[in-house]
Amino acid sequence: MDVNLEYYRVFYYVVKTGSFSQAAQELCISQPAVSQTIKQLESQLGGSLFLRLPRGIQLTREGEVLYSYVSQGYEYLMLAEKKVREMQNLETGEIRIGASDMTMEFYLLPHLERFHKQFPKVHIQVSNAPTPVTIQTLRSGKIDFGVISEPIETGKGFKTVAVGELQDILVAGKDFFGGEFIEPANISPQELIRYPIIMLEEGTSTRKYVNWYFSEQGIRLKPELELATSNLIVKLAIRGMGIGCVMKGFAEPYLRSGELKEVPLSPSIPPRKMLIAIHEHLPLSVAGAKFLEMLEIEI
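Everything numeric here is computed off the predicted structure, so don't read it as measured data.

Undergrad: Help me understand the packing of aromatic side chains, please; the structure alone is not making it clear to me.
TA: Aromatic ring pairs are reported here in terms of the distance separating the ring centres and the angle at which the planes meet. Going through the model one piece at a time under the given rule, you end up with 14 aromatic pairs. Where Tyr12 meets Tyr13, the ring centres are 5.5 Å apart and the plane angle is 90°; that geometry is what we call edge-to-face. Here Tyr12 and Tyr13 have matching classes, each one buried. Each residue in the set Phe11, Tyr12, Tyr13, Phe20, Phe50, Tyr67 and Tyr74 is aromatic and connected to the rest through ring pairs, giving one cluster.

Have a look at this one:
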């Protein structure tokens, strides 16, 4: 049986208001239109829904059963509409972002703080993972967008926008070279083979980029230590465990304090871009679109 859902809406308001005339006012239609709709609903269901009494209307037993279900369904629909409006107005909702430790710390954090202050009821979910994993997560539609770093292989269907630049450097503890630190432009990539090197483990965009750089110089470094985070690389370099290869932002506090020294590499590792990646064929959440608007990213 295919009953027009509008019939149930009219039926709901007739019961809720207790009269055909009040229902007509609520629905902004005429009373005859209400009466006709109820007749059509009764005809399609094959039974009377109301008893017409001198002092008003009363539900039949069939009408009571129908209303017990219609009221639940209609009120859930109204609740759903309310929730959607709240999401549209950013009174609720969720934003899902993918980011690595590096892009989170050196780009995303202040923007998340600003967004949260402006829309405190929007839930922010950040999936913390290396760039290759973030791209896979974006491809599957589990996040609204990713904040990633070069090099990347997104394939078709993705849009990327550059939002910053990253510089990879080499660092060592202040006493690593016997207390007399080498002068600028004094070490070549080939000379690094003599020293223990600390790098991020394979599977990260940073490691892939640094591998590319050394490959261009005609060498392949075999790190003494391969670690999961840049912070660990910095800590071990401070303790003299080797020369660490790390994004400059992670090392800057220790470079300023003198605990670390930058190892001058010639030619230096070229800078690379930090990007926001969006899946062009999957819709953004309202909150996700607003966040990108705040970042002045054109979708």
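Having seen the structure, we can now continue with the description.
Undergrad: Help me out: how do you make sense of unusual backbone geometry in this one?
TA: A negative phi angle characterises most non-glycine residues, just as the trans form characterises most peptide bonds. A cis geometry characterises the amide bond from Glu150 onward to Pro151, with omega recorded as 0°. Along the chain, the position of Pro151 falls in the loop between strand 5 (145-149) and strand 6 (158-166). The step from Ser266 to Pro267 runs through a cis peptide bond, and the omega angle for that step is 0°. Along the polypeptide, Pro267 turns up in the loop between strand 11 (260-263) and strand 12 (272-279).

Undergrad: Would you explain the side chain of Arg272 in this entry?
TA: Topologically, Arg272 is positioned in strand 12. By relative accessible area, which is 1% here, Arg272 ends up buried. Side-chain polar atoms of Arg272 contact the side chain of Asp168, separated by 2.6 Å. Ignoring anything within four residues of it in the chain, the contact list for Arg272 reads Met102, Ser149, Glu150, Gly164, Glu165, Leu166, Asp168, Ser205, Thr206 and Tyr209.

Rules of the game
Residues numbered from 1 in each chain as written. Predicted model: local features only at pLDDT ≥ 70, side-chain atom pairs only at ≥ 80, totals over all residues. Heavy atoms only, no water. Phe/Tyr/Trp six-rings, centres within 6.5 Å; stacked < 30°, edge-to-face > 60°. Buried < 20%, exposed > 50% of the residue type's maximum accessible area, 1.4 Å probe, protein only. Helix = DSSP H or I, 4+ residues; strand = E, 2+ residues; numbered from the N terminus. Polar contact = N/O pair within 3.5 Å; in protein donor to acceptor, adjacent residues only side chain to side chain. Contact = heavy atoms within 4.5 Å.

Nothing here speaks to function; it is geometry throughout.
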